[in-house]
Structure formats: C-alpha cells, structure tokens
Amino acid sequence: MGMSSVERLRAAVAALMQVTGDTRAGLAAVLGVDQTQVSRRQSGTAAWGLDDCDAIAAHYGIDVLDLLAGPTRACEALPADRRRTVPRRRTATAAPKGARR
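The notes below deal with the structure included here. Just so it is clear, the structure is predicted and the values come from calculations on it, not from any experiment.

## With respect to the overall build of the chain
And step 1. Scanning the chain for helices and strands turns up 6 helices and 0 strands.
And step 2. Reading the chain from its N terminus to its C terminus gives the helix and strand order α-α-α-α-α-α.
And step 3. Taken over 101 residues, the chain has a buried fraction of 27%.
And step 4. When contacts within the chain are restricted to residue pairs at least 6 apart in sequence, long-range pairs at least 24 apart make up 50% of them.
And step 5. Accessible surface, the chain: about 6,800 Å² in total, of which carbon and sulfur atoms supply 51%.

Pasting the structure below:
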C-alpha cells in the first residue's frame, strides 16, 4: 500500500522546503509557531492541523489539495518564481568555457 495521508503531507512539506530553500524557522514564522513545533510535526510526534495545511498551501502559492496529494504533485504545482535557483556545479571532467585541454 502507498503512503498514508500524514506521510504524504510530511513528504510534501519537506519537498517544498527543499525546492524553495525554506527553513524550518521560516516555515514556523508563517505558521505562527516555533521551529520546534515544525520539527515535531515533520517527525510525526505532533500532528499537522487543517489550518496549518491552509497556511502552508497559501505560503507556497498552491492549492491545499495539491499539498495533500503528496510531494510530486505539490512540487509540480509550485509556481516557478517560488523555486530556488541553484547554479550548476562543474564536474571534474568539465573544463571552463574557453579553456584548453
């Protein structure tokens, strides 16, 4: 069987935080709780409430149903301007542009 609703929500929140570069402290500020409460909710020792889901979805600019559908759907629904841009890393075999080998 697949993930439970609670597991899907926790995974979606973690994925959204990763894709956007948000921290637990930042998410805690959005929710009006402290960072410890976000950690407890993400670890499963405390429950996410429906008001939390509404606030998280609004913060990321997605529909609450996309949030509850899981990490893939939540990240697909995320507006492009909310995504963190990370510069590409050069691989050890890639030479800088214009460099001679």
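## A few points about the pattern of salt bridges
And step 1. Taken as a whole, this structure holds 3 salt bridges when the rule is applied.
And step 2. One salt bridge connects Arg82 with Asp22, and the closest N-O pair in it is separated by 3.8 Å. Taken as a pair, Arg82 in the segment after α6 (71–77) and Asp22 in the loop between α1 (5–20) and α2 (24–31) lie far apart in primary sequence, 60 residues in all.
And step 3. Look at Arg82 and you get partly exposed, because its relative accessible area is 25%.

## With respect to the side chain of Gln42
And step 1. With respect to the helices and strands, the residue Gln42 is situated in helix α3 (residues 35–43).
And step 2. You can call Gln42 buried: its relative accessible area is 13%.
And step 3. A distance of 3.3 Å separates polar atoms of two side chains, one belonging to Gln42 and the other to Trp48.
And step 4. Beyond its immediate sequence surroundings of up to four residues, Gln42 is in contact with Arg10, Val13, Ala14 and Trp48.

## Looking at α1
And step 1. With 16 residues, α1 should cover 22 Å at 1.5 Å per step; its first-to-last C-alpha distance of 22 Å lies within 8% of that length.
And step 2. Turning to α1, the residues buried within the fold contact α2, α3, α4 (50–60), α5 (64–68) and α6.

## Quick look at the nonpolar core
Soluble globular proteins tend to pack their nonpolar side chains together in the buried interior.
And step 1. Membership of the largest hydrophobic core comes to 20 residues, with the highest contact counts inside it found for Leu27 and Leu67.
And step 2. Within the residue set of this core, elements represented by two or more residues are α1, α2, α4 and α6.
And step 3. It is α1 that provides the largest number of residues to this core, a total of 6 residues.
And step 4. Setting aside anything within four residues of it in sequence, one finds Leu67 in contact with Leu9, Ala12, Val13, Leu16, Cys53, Ile56, Ala57, Ile62 and Ala74.

Here is what the cut-offs are and how they apply
Residues numbered from 1 in each chain as written. Predicted model: local features only at pLDDT ≥ 70, side-chain atom pairs only at ≥ 80, totals over all residues. Heavy atoms only, no water. Helix = DSSP H or I, 4+ residues; strand = E, 2+ residues; numbered from the N terminus. Buried < 20%, exposed > 50% of the residue type's maximum accessible area, 1.4 Å probe, protein only. Contact = heavy atoms within 4.5 Å. Areas by Shrake-Rupley, 256 points an atom, 1.4 Å probe, with all protein chains shown as cover. Salt bridge = Lys/Arg side-chain N within 4 Å of Asp/Glu carboxyl O. Polar contact = N/O pair within 3.5 Å; in protein donor to acceptor, adjacent residues only side chain to side chain. Expected span 1.5 Å × (residues − 1). Core = buried A, V, L, I, M, F, W, Y, C linked by side-chain atoms within 4.5 Å.

By themselves these figures say nothing about function.
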